[in-house]
Amino acid sequence: MMAREAMSLAARGIKIVRLYGIRPDGSCACWKGRDCGDSTGKHPVGTAWQEAATDDEEEIASWFEDASSPINIGILLGPTGGVIDIETDGPDGESEIEKWGLHEVDTPVFRSGRGLH
């Protein structure tokens, strides 16, 4: 399912970043394992990940086909990626979004542990 979603995003021109995944025991698939802390499943594989981000569906599919450990995905934000993320960090931030009328903008929205994005 994650591979399909990654390729769907890439088909829309969104640059995908390969991230370390989460093992069945809840540890990060990176070398730190259980010591990864708050970054578990959330940090890029390799260096220069900004340049490695891709919308090439074949390359993305190969990540999942060749994976010897779990992987996760992220998206490249900013001018190069063409996507911005506004994180509200809780009820006060969500109130600000409403105050400025941004809640009326038709855009994808999701909720993380820290609040609305």
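Residues numbered from 1 in each chain as written. Predicted model: local features only at pLDDT ≥ 70, side-chain atom pairs only at ≥ 80, totals over all residues. Heavy atoms only, no water.

1. A word on the environment of Ile71
Stated precisely, the cut-off is as follows: For helices the rule is a DSSP run of H or I covering at least 4 residues; for strands it is a run of E covering at least 2, with both sets numbered from the N terminus onward. Under the scheme applied here, a residue whose accessible area is under 20% of the maximum for its type counts as buried, over 50% as exposed, and between as partly exposed, the area being computed with a 1.4 Å probe on protein chains only. Only heavy atoms matter for contacts: two residues are in contact if any of them lie within 4.5 Å across the pair.
In this structure, Ile71 sits in strand E2 (residues 71-75). Residue classification places Ile71 among the buried positions, given a relative accessible area of 12%. Separated by 23 residues in the primary sequence, Ile71 and Ala48 place their C-alpha atoms 17 Å from one another. In contact with Ile71, other than residues within four places in its own chain, are Met2, Arg18, Leu19, Tyr20, Gly21, Trp63 and Phe64.

2. With respect to the nonpolar core
Applied cut-off: Buried Ala, Val, Leu, Ile, Met, Phe, Trp, Tyr and Cys residues that are joined via side-chain atoms within 4.5 Å together make up what is termed a nonpolar core.
Ala6, Leu9, Ala10, Ile14, Ile16, Ile60, Trp63, Ile71, Ile73 and Val83 together form the largest nonpolar core, which totals 10 residues. Elements with a contribution of two residues or more to this core: helix H1 (2-11), helix H3 (57-65) and E2. It is H1 that provides the largest number of residues to this core, a total of 3 residues. In this view, Val83 contacts Ile14, Ile75, Leu76, Leu77 and Gly78; residues no more than four positions away in its chain are not counted.

3. Some thoughts on helix H4 (residues 91-99)
Side chains three or four residues apart in an α-helix point the same way, a direct result of the helix having 3.6 residues per turn. Quick reminder of the rule: Directions pointing from the helix axis toward each C-beta atom define the arc.
Among the residues of H4, those classed as buried are Gly93, Glu94 and Ile97. With its buried residues spanning 100 degrees around the axis, H4 presents them on a single face. The outward face of H4, more than 90 degrees from its buried face, is lined by the exposed residues Pro91, Asp92, Glu98 and Lys99. Remark: Gly101 follows H4 within two positions and exhibits a positive phi of approximately 75 degrees.

4. Describing a negative patch on the surface
Rules: A patch is a set of surface residues, each over 30% in relative accessible area and not in a salt bridge, joined within 9 Å for like charges and within 5 Å for the nonpolar side chains Val, Leu, Ile, Met, Phe, Trp and Tyr. Per-residue accessibility takes into account occlusion by the displayed protein chains alone, with areas from the Shrake-Rupley method and a 1.4 Å probe. Take a side-chain nitrogen of Lys or Arg and a carboxyl oxygen of Asp or Glu: if they are within 4 Å of each other, that pair is a salt bridge. Charge counting treats Lys and Arg as positive and Asp and Glu as negative, with His and both chain ends excluded. Charge positions come from single atoms, namely NZ of Lys, CZ of Arg, CG of Asp or CD of Glu.
Together, Asp56, Glu57, Glu58 and Glu59 line one region of the surface with negative charge. Checked against the element boundaries, Asp56 lands in the loop between helix H2 (49-52) and H3. Taking relative accessible area as the criterion, Asp56 reaches 38% and is therefore assigned partly exposed.

5. As for the state of the cysteines
Note the following rule: Sulfur atoms of two cysteines make up a disulfide when they are within 2.5 Å.
Enumeration over the complete set of coordinates arrives at 0 disulfides. The closest cysteine sulfur to the non-disulfide-bonded Cys30 is located on Cys28, 3.6 Å from its own sulfur. Classification of Cys30 as buried rests on a relative accessible area of 4%. Among the cysteines around Cys36, which has no disulfide bond, Cys28 carries the closest sulfur, lying 3.7 Å off.

None of this, on its own, says anything about what the molecule does.
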